[in-house]
Amino acid sequence: MLSNLQLNKAFCYKLAVKSRSVFKETVETILLLHLVAIVKFNLDVSGLCRSSYGHIDRWMLNVTRNDVKELYLHMSDNSSYKLPSYVLNCPTLKKLELFNCVFKPPNPFVGFRHLITIRLESITFVPTTEFIVINCPLLVNLALLDCRGTQYLKIVVSSRLEYLLQLEIDKVVDNPNQEHDEGSTLEKLLLSVAATLEFLLMGLGYFELLTADTIHKGPPFTCLQELSLGIDFGKLSQTTCALQLIKSCPNFSKLQIWGCASRDSAEAVLNYLKRPITCLDLRLNELKYVGISSHECSKTELLFVKLLFACTPSLVRMCYEQQKPFDSSDERKLTRKLMCFSRASPSIFRIRRLRTTTCIAYIMV
């Protein structure tokens, strides 16, 4: 008998279209007849308007009693599903992925002692005490995406944490009479694992909580191999913070940028990127592959590309992708600009232009 149960979005939707009772009875029959341990359980009801939380609670109880090691639970966008205590205290869980749930831990809550991977997306943290302490001594992979109430969150990890995938934060203060230092909590998490990270993805939301000075004073990311960043090149604070983070990664070989350019302080960003010391202070000897995806071709983005060209002697390939539609003359102008940029790498000597239905990619090899 299969040890992996995949009740994906299409499967659940197909049953629910017939009737809610057919959906409920089918899932319960599957679980009832499943007599061996469930290694992996995937339940995706995101395609349903609303599912009975009582039924889902029973299904979660069943799988946690069957020694589940990997649990994937995707609720619908309008969900307010509160995770039952037996999920949060399940001793066999090694991988947990949750989408659109309410995280309110039981009391007492010992944390996830055996979890290796946690992916929490669109999760609302509701504390029972002042802070939610998640103790994860074996944690290797962590993703916090668009989570609310993170000012209540404290994550305790060991030096084994190797991947911090993404931290995008929506600030929600559940108690308006009490101030919470959300930024310092997440800064401490990032800086505490800087020495062991191999992959780091940071979205625009997280850059709002960091400063260049914080990164500069922290430890270098010496083990980092791949860095993915969402940057608003129209904001000086985000641009300086991103450059400081890049400087703090002496050994990384891959860089991916998702860029946008608001008008907040574009002139200040231009002046900053034009300073000679900005370029002289940046030397990325190990960087080989760069990808930049942008909605429009702003002056600040082009200066950033120019800066990377001048500071990457080992660069093998750069892909600059523009999603804003261009006419043929604008494409040629941009190609000429890119060709005129000084390049530290002898490997980059030609540009290929590829057009798709959604974007234009300039591939420099």
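Below you will find a few notes about this structure. What you see is a predicted model, and the numbers here were worked out from it, not measured in a lab.

What follows concerns the packing of aromatic side chains. Under the criterion given, the structure shown has six aromatic pairs. Ring plane angle 55° and centroid distance 4.9 Å describe the contact between Phe-233 and Phe-304, whose orientation is recorded as tilted. Of this pair, Phe-233 sits in the loop between strand 11 (226-232) and helix 8 (236-247) while Phe-304 sits in helix 11 (residues 299-311); the two residues are 71 residues apart in sequence, bridging distant segments of the chain. We classify Phe-233 as buried; its relative accessible area is 1%. The class for Phe-304 is buried, based on a relative accessible area of 1%. Ring pairs connect the aromatic residues Phe-103, Phe-112 and Phe-125, which therefore count as one cluster.

In terms of nonpolar packing, the biggest core is built from 55 residues, with Leu-227, Leu-229 and Leu-338 touching the most fellow members. Broken down by element, the residue count for this core peaks at eight residues, all from helix 11. In contact with Leu-229, not counting residues within four places along its chain, are Met-202, Phe-207, Ala-242, Leu-245, Ile-246, Gln-256, Ile-257 and Trp-258. One finds Leu-5, Ile-56, Leu-93 and Phe-125 within the second-largest nonpolar core, a separate group that totals 48 residues.

Okay, the packing of helix 8 against helix 9 (residues 266-274) next. Remark: helix 8 packs on helix 9, axes separated minimally by 9 Å, with the N-to-C direction vectors making an angle of 30°. As the angle between them shows, helix 8 and helix 9 are arranged roughly parallel. For the pair helix 8 and helix 9, contact is made by Leu-236, Thr-239, Thr-240 and Leu-243 and by Ala-268, Val-269, Tyr-272 and Leu-273, respectively. Taken together, the residues that form the contact of helix 8 with helix 9 break down as six nonpolar, two polar and no charged.

Before going further, it helps to spend a moment on the side chain of Asn-42. Tracing the backbone through its elements, the reader meets Asn-42 in strand 2 (residues 40-44). By relative accessible area, which is 16% here, Asn-42 ends up buried. The contacts of Asn-42, once residues within four sequence positions are left out, are Leu-5, Gln-6, Leu-7, Asn-8 and Tyr-72.

Quick look at helix 1 (residues 9-18) now. By the burial criterion, the buried members of helix 1 are Cys-12, Leu-15 and Ala-16. Buried residues of helix 1, viewed axially, fall in a sector of 100°; they line one side. Opposite the buried face of helix 1, by more than 90 degrees, sit the exposed residues Ala-10, Lys-14, Val-17 and Lys-18. Those residues of helix 1 hidden inside the fold are in contact with strand 1 (4-7), helix 2 (20-33) and strand 2.

In terms of residue burial, strand 3 (residues 70-74) counts as a mostly covered element, since four of its five residues are buried. Pairing analysis gives five bridges linking strand 2 to strand 3, with the strands arranged parallel. Bridge pairing in strand 3 places Asp-44 opposite His-74. Where strand 3 lies against strand 4 (residues 95-103), five bridges are found, and the strand directions are parallel. Within strand 4, the position partnered with Glu-70 by the bridge is Lys-95.

On the surface, Lys-274, Lys-299, Arg-332, Lys-333, Arg-336 and Lys-337 cluster together into a patch of positive charge. Broken down by element, the positive patch gets its largest block of residues, four residues, from helix 12 (residues 328-340).

This brings us to unusual backbone geometry. Residue Asp-67 is not a glycine yet carries a positive backbone phi of 60°. Relative to the assigned elements, Asp-67 resides in the loop between helix 3 (53-65) and strand 3.

Moving on to the side chain of Ser-248. Positionally, Ser-248 belongs in the loop between helix 8 and strand 12 (254-260). Within the structure, the side chain of Ser-248 is placed 2.9 Å from the backbone oxygen of Gln-244, a separation counted as a polar contact. Non-local contacts of Ser-248, meaning those with residues more than four positions away in its chain, are made with Ile-215, Pro-220 and Phe-221.

Looking at where Leu-83 falls in the secondary structure, it is placed in the loop between strand 3 and helix 4 (85-88). Taking the relative accessible area as the measure of exposure, Leu-83 reaches 2% and is therefore buried. When the C-alpha positions of Leu-83 and Pro-106 are compared, they lie 9.7 Å apart, and in sequence the two are 23 residues distant. Once residues lying within four places of it in the same chain are set aside, the contact partners of Leu-83 are Leu-73, Leu-88, Leu-98, Cys-101, Val-102 and Phe-103.

Below, the discussion takes up the environment of Phe-221. When you line up the elements, Phe-221 lands in the loop between helix 7 (212-217) and strand 11. Sequence separation between Phe-221 and Asn-251 is 30 residues; the distance between their C-alpha atoms is 8.2 Å.

Thresholds applied
- Residues numbered from 1 in each chain as written.
- Predicted model: local features only at pLDDT ≥ 70, side-chain atom pairs only at ≥ 80, totals over all residues.
- Heavy atoms only, no water.
- Phe/Tyr/Trp six-rings, centres within 6.5 Å; stacked < 30°, edge-to-face > 60°.
- Helix = DSSP H or I, 4+ residues; strand = E, 2+ residues; numbered from the N terminus.
- Buried < 20%, exposed > 50% of the residue type's maximum accessible area, 1.4 Å probe, protein only.
- Core = buried A, V, L, I, M, F, W, Y, C linked by side-chain atoms within 4.5 Å.
- Contact = heavy atoms within 4.5 Å.
- Axes fitted to C-alpha atoms, helices over the stretch in contact; angles between N-to-C directions.
- Parallel < 35°, antiparallel > 145°, perpendicular 65-115°, else oblique.
- Nonpolar A, V, L, I, M, F, W, Y, C, P; charged D, E, K, R; others polar.
- Arc of directions from axis to C-beta.
- Pairing = 2+ DSSP bridges.
- Patch = residues over 30% accessible without salt bridge, like charges linked within 9 Å, V, L, I, M, F, W, Y side chains within 5 Å.
- Areas by Shrake-Rupley, 256 points an atom, 1.4 Å probe, with all protein chains shown as cover.
- Salt bridge = Lys/Arg side-chain N within 4 Å of Asp/Glu carboxyl O.
- Lys, Arg positive; Asp, Glu negative; His and termini not counted.
- Charge placed at Lys NZ, Arg CZ, Asp CG, Glu CD.
- Polar contact = N/O pair within 3.5 Å; in protein donor to acceptor, adjacent residues only side chain to side chain.

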